[in-house]
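Each chain, written out:
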Amino acid sequence: MRILGIDPALAITGYGVIDAKKDKAVLWEAGIIQTSARQPLAERLQTIHQGIVDLIEDAQPQVMVLEKLYAHYRHPTTAYLLGYARGVICLAAAQKNLSLVEYSATRIKKAITGHGLA
């Protein structure tokens, strides 16, 4: 199974594609989709959306794993900006009929490193 994992953000959205085999995972590709704070918000979201669409078309994953939204209550602006990025990523998955699964950052870190606060 090929899995596309996304760490969403407005400035730098990270991704990794792995081929999950029965007893191991093999990295297929990893990278970032970067936007500039000088760009208007709509252009930044378009860049993220198109980057994810292109990635889905190239990698042909069977599932997308997206990090759940987490934001500290002292930084509400961060939460809604991250929500915009997550929204266009979810839209790309829906447009490509790609299954979407969401996990918390601590769960992802625990699965990879054995410790949720890594």
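To keep things clear, this report deals only with the structure shown in the data block.

Re the overall build of the protein
- Assigned secondary structure in the protein consists of three helices and five strands.
- When the elements of the protein are put in sequence order from the N terminus, they spell out β-β-β-α-β-α-β-α.
- By the burial criterion, 31% of the 118 residues in the protein qualify as buried.
- Long-range pairs, those at least 24 residues apart, make up 55% of the contacts in the protein between residues at least 6 apart in sequence.

Remarks on the pattern of salt bridges
- Tallying each qualifying case throughout the model produces three salt bridges.
- Arginine 2 is the partner of aspartate 19 in a salt bridge, and the nearest nitrogen-oxygen pair spans 2.7 Å. Here the residue aspartate 19 occupies a position in strand S2 (residues 12-20), and arginine 2 occupies one in strand S1 (residues 2-7), the gap between them amounting to 17 residues.
- Of the residues examined, aspartate 19 reaches a relative accessible area of 17% and is grouped as buried.
- The exposure class of arginine 2 is buried, given its relative accessible area of 18%.
- With a closest N to O distance of 2.6 Å, lysine 96 and glutamate 57 form a salt bridge. One end of the pair, lysine 96, is in the loop between helix H2 (76-95) and strand S5 (99-103); the other, glutamate 57, is in helix H1 (residues 41-59), and 39 residues separate them in sequence.
- When its relative accessible area of 38% is taken as the criterion, glutamate 57 is described as partly exposed.

Some words on H1
- Counted at 1.5 Å a residue, the expected span for H1 with its 19 residues is 27 Å, and the 27 Å between its end C-alpha atoms agrees.
- Taken together, the buried positions of H1 are occupied by Arg44, Leu45, Ile48, His49, Ile52, Val53, Leu55, Ile56 and Ala59. The buried residues of H1 occupy one face: seen down the axis, they fall within an arc of 165 degrees. For H1, the exposed residues lying more than 90 degrees away from the buried face are Ala42 and Asp58.
- If you follow the buried residues of H1, they end up packed against S1, S2, strand S3 (25-34), strand S4 (63-67) and H2.
- At the C-terminal side of H1, glutamine 60 shows a positive phi close to 50 degrees.

Here's the deal with the pairing of S2
- Summarising the sheet, S1 and S2 pair through six bridges and their orientation is antiparallel. Paired with glycine 5 across the bridge in S2 is glycine 16.
- The hairpin turn running from S1 into S2, its antiparallel successor, is four residues long.
- As judged from the nine bridges shared by S2 and S3, these two strands associate in the antiparallel manner. When the sheet's bridge partners are listed, tyrosine 15 is paired in S3 with glycine 31.

About the criteria used
- Residues numbered from 1 in each chain as written.
- Predicted model: local features only at pLDDT ≥ 70, side-chain atom pairs only at ≥ 80, totals over all residues.
- Heavy atoms only, no water.
- Helix = DSSP H or I, 4+ residues; strand = E, 2+ residues; numbered from the N terminus.
- Buried < 20%, exposed > 50% of the residue type's maximum accessible area, 1.4 Å probe, protein only.
- Contact = heavy atoms within 4.5 Å.
- Salt bridge = Lys/Arg side-chain N within 4 Å of Asp/Glu carboxyl O.
- Expected span 1.5 Å × (residues − 1).
- Arc of directions from axis to C-beta.
- Pairing = 2+ DSSP bridges.

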